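Residue strings, one per chain:
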Amino acid sequence: LRLVGLPQTVPGKIAAAAGRISAIWDAHRDDQYRAPDGTAYPVRGSLQLVFCDLGTPGPDWNAYDELRDLLAALGMPRDAIRFVHEAKNDTDLARLFAACRSGHVAVLVGSTEKMGVGTNVQDRAIALHHLDAPWRPADVEQREGRILRQGNLNSEVQIIRYLAASSFDGYMWQTLERKARFIHDVMSRLEERRVGKECRSRWS
């Protein structure tokens, strides 16, 4: 509601996400990770990824600063909560991602555009949070591909979606599901036709 200048009288998704993120951080703050040779990395703790395409950092109220303020109030180190938007160039981005992999970042917040393709931070990723729904099924795959990928040292991860009751959130996620199902059906039929043509050409 605050994104459109309306007051919010009850805790919203950001507060709910802050509580969940803080609990996961507390449960995994002492997790230890090992290099391929078996030696333990010196810094303990896991990484959480938060995707939010609305209310990105700016001079006015925004979801990013609100989330960081709430997490800090819950006891998380403020300097361990980073925004991908802080990186101004490729060098800054590479340093930020390296800090995530080494355990110096506990929470990385970003948009689908800035934290999608090329974001290589999966090593310690224990949870991924969708604060909002992107526009395309491919965007969901891009987001979740940051944690569901080879190189993640965790055997189990969490993917959490936040929806506000009586809001547009449910409709957005249902629309994404319908789009994904439609695309899957079309691609399956195209693949069936391709295989059918190959079989016919072999036997002709």
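Above: the structure in question.
Figured I'd write up the structure that's included with this text. All values reported here derive from a predicted model rather than from experimental measurement.

Here D123 shows up in the loop between β3 (107-110) and β4 (125-130). Separated by 23 residues in the primary sequence, D123 and C100 have C-alpha atoms spaced 8.4 Å apart. Residues in contact with D123, not counting those within four places in the same chain, are Y33, R101, G151, N152, L153 and N154.

Next up on the list: the pairing of β4. Counting buried positions over the six residues of β4 gives six, a clear majority of the element. As paired strands, strand β1 (residues 47-51) and β4 are joined by five bridges and run parallel to one another. Among the inter-strand pairings, F51 is bridged to a residue of β4, identified as H130. For the crossover that starts at β4, traverses helix α4 (residues 137-144) and ends in the parallel strand β5 (residues 158-161), the hand is right-handed.

Moving on: helix α2 (residues 63-73). Among the residues of α2, those classed as buried are A63, Y64, E66, L67, R68 and L71. Lining the buried residues of α2 we find α1 (13-28), β1, β2 (81-83) and β3. One or two steps after α2, the chain reaches G75, where phi turns positive at roughly 110 degrees.

This part takes up the sheet that holds β5. Spatially, the five strands line up as an open sheet ordered β2-β3-β1-β4-β5, and their pairing is parallel. The open sheet is flanked by β2 and β5, the only strands paired with a single partner. Strand-to-strand, the axes of this sheet are offset by a mean angle of 15 degrees, without reference to chain direction. Where α4 meets the sheet, its contacts fall on β1, β4 and β5, and the angle it forms with β4 comes to roughly 155 degrees.

We now examine the pattern of salt bridges. According to the stated counting rule, one finds ten salt bridges in the structure shown. A salt bridge links E86 to R82; its shortest N-O distance comes to 2.7 Å. Owing to a relative accessible area of 29%, E86 belongs among the partly exposed residues under this scheme. Judged by its relative accessible area of 27%, R82 is partly exposed. One salt-bridge network, in which partners are shared between bridges, spans D65, R68, R82 and E86.

Thresholds applied
- Residues numbered from 1 in each chain as written.
- Predicted model: local features only at pLDDT ≥ 70, side-chain atom pairs only at ≥ 80, totals over all residues.
- Heavy atoms only, no water.
- Helix = DSSP H or I, 4+ residues; strand = E, 2+ residues; numbered from the N terminus.
- Contact = heavy atoms within 4.5 Å.
- Buried < 20%, exposed > 50% of the residue type's maximum accessible area, 1.4 Å probe, protein only.
- Pairing = 2+ DSSP bridges.
- Right-handed = clockwise from strand over helix to strand, strands pointing away.
- Axes fitted to C-alpha atoms, helices over the stretch in contact; angles between N-to-C directions.
- Salt bridge = Lys/Arg side-chain N within 4 Å of Asp/Glu carboxyl O.

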